[in-house]
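Each chain, letter by letter, is given below.
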Amino acid sequence: MTTTQSTEAPAKAATPPVPGTALRVQNFVIKYGFIFVTVALFLYFALTEGSFRESATLLDTLRYVSVAAILGLGVTLTMAVGGMDMSVGAVAGLGVSVAAQTMVVFNQVGTVAILAVLVAGALAGLLNALLIVVLKIPDMLATLGTMFVIQGSKLILVDGQSITPGMTLDDGSTAPGRFTDGFLKIDRGTVLGVPVSVIVFGALTVAAWVFLARTRWGRILYAIGANPEASRLAGIRVGAYRALAYVVSGVLASVGGLILASRIGQGDVSAGTSQLLEAVAVALVGTSVLGRGRPNVWGTALGAVLIGIITTGLTIKGLPYYTQDVVEGAVLILALVFSFTLSKRRTA
């Protein structure tokens, strides 16, 4: 009895299907959708409101968002290592109080105030690093605790009062100092018509991008955020790099505080309170830019610009201020859909 062997040729290996139109559209939306939203909103306001197109308005928009953007850069660095800094608004407010205390109460020059604010920001970052790296407290909980401590300490230092030139001190004397003209130029001054705060925002954005995207240290931060245990096994000092991210975030928040102090011109005890949500929002919005799904500097900068476009455009149109929160929240949700929902469907 003989057996008949099959003469059929072996089946060819299955080839992956060519992406269909729907998938290509989805990929395009994920990668460029948020940029399209930003451009579309800009064109809408520019075409419907003549004052929106003026260069002064555009520069004022960038000036307005510079603080939230700079704080957002700090949040972006901490997100890169898998964390989140919720204390940036409080640190910025601390910077306002320290600057006012230094110049108004202690009658020091602006340079001394700038150094004092930067040191205060670095110390706040070190406190966060101590809680997170040494004491092993989860990032968000640790920085929330720091936020409340800083806010309370700031009020204790000034007895709950805003610091203004000519104010009466506890001993009955009059505050001898004032905000110096040079210090006030941090936000109110211009270089070739461009506000100094916008220049600072642009310079820090470029510096942060170079650090995160073009240096070994930046790549290590991303590696730690992706897999801290694997990074540790590879010989990376995970704790040191995480501490670095929080210290730099504290310094960036203090730079935002310098701009706020120059903008306000007094030690307002409520300064910085509203900056936290905007800083976190622009950093989260930034994760959706170009479909990266991870913290990135240019995405954070674009997120800040978008927030500024929305705020300025709605203000010019005369809509109530509370509608801005609704629109900003909707934009944040849209960005999170781009970053998480659509991107996960693409990789599923």
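Heads up: the structure comes first, above all this text.
The following paragraphs examine the structure supplied in this document.

Quick look at the overall build of the protein now. Across its full length, the protein carries 13 helices and 2 strands. A buried classification covers 46% of the 348 residues belonging to the protein. Sequence-distant contacts, at least 24 apart, represent 76% of the contacts inside the protein between residues at least 6 apart. Carbon and sulfur atoms make up 67% of the accessible area of the protein, which totals about 17400 Å².

So, on to the packing of aromatic side chains. One pass over the structure, following the stated rule, counts 5 aromatic pairs. Plain terms: the ring middles of tryptophan 209 and tryptophan 298 are 6.0 Å apart, the flat faces sit at 50° to each other, and that makes the pair tilted. Highlighted residues: tryptophan 209 in helix H7 (residues 196-214) and tryptophan 298 in helix H12 (residues 297-316), separated in sequence by 89 residues. Judged by its relative accessible area of 41%, tryptophan 298 is partly exposed. Connected via pairs of aromatic rings, a cluster forms that spans Phe42, Tyr44, Phe45 and Phe52. A cation sits over an aromatic face here: arginine 294 above tyrosine 222, 3.9 Å from the ring centre.

This part is about unusual backbone geometry. In this structure, lysine 136 is a non-glycine residue whose phi angle is positive, near 65°. Tracing the backbone shows lysine 136 in the loop between helix H4 (110-134) and helix H5 (139-157). For lysine 136, a relative accessible area of 65% corresponds to the exposed category. Its identity as a non-glycine residue notwithstanding, leucine 192 has a phi of 55°, on the positive side.

For the pair helix H3 (residues 88-105) and H4, interaxial distance at closest approach is 9 Å and the crossing angle is 145°. Relative to H4, the crossing made by H3 is right-handed. Between H3, through Val91, Leu94, Gly95, Val98, Ala99, Thr102 and Met103, and H4, the contact on the second element is made entirely by Gly110, Val112, Ala113, Ala116, Val117, Ala120, Gly121 and Ala124. Broken down by class, the residue content of the contact of H3 with H4 amounts to 11 nonpolar, 4 polar and no charged.

Among the residues of helix H8 (residues 216-226), Gly218, Ile220, Leu221, Tyr222 and Ile224 are the ones counted as buried. Looking at the buried residues of H8, the elements they touch are helix H2 (55-80), H7, helix H9 (228-233) and helix H10 (238-264).

Bringing the pattern of salt bridges into the picture now. Considering all chains together, one arrives at 6 salt bridges under this definition. Of the charged contacts in the structure, one is a salt bridge between aspartate 181 and arginine 178, with a shortest N-O distance of 3.6 Å. With relative accessibility at 47%, the residue arginine 178 sits in the partly exposed group. With a shortest N-O distance of 2.4 Å, arginine 232 and glutamate 229 are connected by a salt bridge. Residue arginine 232 and its partner glutamate 229 are both found in helix H9; the two are separated by 3 residues, about one turn of the helix. Note on arginine 232: relative accessible area 46%, which makes it partly exposed. Of the residues examined, glutamate 229 reaches a relative accessible area of 41% and is grouped as partly exposed.

Next up on the list: the environment of valine 88. Within the element layout of this structure, valine 88 appears in helix H3. Sequence separation of valine 88 and isoleucine 70 is 18 residues, and the distance between their C-alpha atoms is 9.9 Å. If sequence neighbours within four positions are ignored, valine 88 has contacts with Leu71, Val75, Ser249, Ala253, Leu276 and Ala279.

A separate point is the side chain of threonine 287. Here threonine 287 shows up in the loop between helix H11 (275-286) and H12. Overall, threonine 287 belongs to the buried group, its relative accessible area being 5%.

Scoring rules and cut-offs
- Residues numbered from 1 in each chain as written.
- Predicted model: local features only at pLDDT ≥ 70, side-chain atom pairs only at ≥ 80, totals over all residues.
- Heavy atoms only, no water.
- Helix = DSSP H or I, 4+ residues; strand = E, 2+ residues; numbered from the N terminus.
- Buried < 20%, exposed > 50% of the residue type's maximum accessible area, 1.4 Å probe, protein only.
- Contact = heavy atoms within 4.5 Å.
- Areas by Shrake-Rupley, 256 points an atom, 1.4 Å probe, with all protein chains shown as cover.
- Phe/Tyr/Trp six-rings, centres within 6.5 Å; stacked < 30°, edge-to-face > 60°.
- Lys NZ or Arg CZ within 6 Å of the ring centre and 35° of its normal.
- Axes fitted to C-alpha atoms, helices over the stretch in contact; angles between N-to-C directions.
- Left-handed = near helix turned anticlockwise from the far one by under 90°.
- Nonpolar A, V, L, I, M, F, W, Y, C, P; charged D, E, K, R; others polar.
- Salt bridge = Lys/Arg side-chain N within 4 Å of Asp/Glu carboxyl O.

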